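Report on the structure
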Amino acid sequence: MKIFICILTVLTLNSCSRFGENGIEVAIENNSNTPITDVQFTTSEKLDVIKRTNIDPKETATDFLSMTKNQSDGAYFLTFTRANGKKEKIGGGYYTNGGALDRWVQFDIRTDTTLVTFSGSGY
């Protein structure tokens with residue numbers, strides 16, 4: 001019975017999306033009253049980029065940024081354009097030796113600010 005539970009646990013963990021893959025889950029919530037456009041999320045090394053044409057009000061976009069090509073230390077960056085044409089670049093978080101230290105990041109875009117939350121230790 002113990003072997004069955006161990007096998008079931010391994011299979012369950014193995015089937016989880018992105019389990020063991022180097023990278024970070026990202027959720028971008030547009031809690032403003034206008035759409036945002038030209039949305040990009042990347043690392044300092046800019047080896048892989050998540051791109052979205054637009055995110056409508058009250059909509060959330062989620063994706064996974066693979067960091068398998070990253071090799072150095074750096075931060076994460078979200079860039080987007082507000083409906084009034086103002087471009088914004090928000091930096092934050094930290095990764096080291098090309099590896100994510102967090103499991104996920106959430107951006108809460110509001111009318112006059114953007115809140116960022118990192119969580120889930122990845123090491």
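Refer to the preceding data block for the structure.
Now for a look at the structure at hand. (Residues numbered from 1 in each chain as written. Predicted model: local features only at pLDDT ≥ 70, side-chain atom pairs only at ≥ 80, totals over all residues. Heavy atoms only, no water.)

Moving on: the pairing of strand S2 (residues 36–43). When S2 meets strand S3 (residues 49–55), the two strands line up antiparallel, connected through six bridges. By the bridge assignment, threonine 37 is partnered in S3 with asparagine 54. The antiparallel pairing of S2 with S3 creates a hairpin that spans five residues between the two strands, and lysine 46 there sits at a positive phi of about 55 degrees. For S2 and strand S5 (residues 74–81), the ladder comprises five bridges, and the chain directions are antiparallel. (Pairing = 2+ DSSP bridges. Helix = DSSP H or I, 4+ residues; strand = E, 2+ residues; numbered from the N terminus.)

Okay, the packing of aromatic side chains next. Within this structure, the stated rule accounts for four aromatic pairs. Taking the centre distance of 5.8 Å and the plane angle of 10 degrees together, the rings of phenylalanine 41 and tyrosine 76 count as stacked. You can see phenylalanine 41 sitting in strand S2 and its partner tyrosine 76 sitting in strand S5, a full 35 residues away along the chain. Like tyrosine 76, phenylalanine 41 is buried. Following the ring pairs from residue to residue traces out a cluster consisting of Phe41, Tyr76, Tyr95, Phe107 and Phe118. The residue whose ring lies beneath lysine 89 is phenylalanine 77, and the NZ or CZ to ring-centre distance is 4.8 Å. (Phe/Tyr/Trp six-rings, centres within 6.5 Å; stacked < 30°, edge-to-face > 60°. Buried < 20%, exposed > 50% of the residue type's maximum accessible area, 1.4 Å probe, protein only. Lys NZ or Arg CZ within 6 Å of the ring centre and 35° of its normal.)

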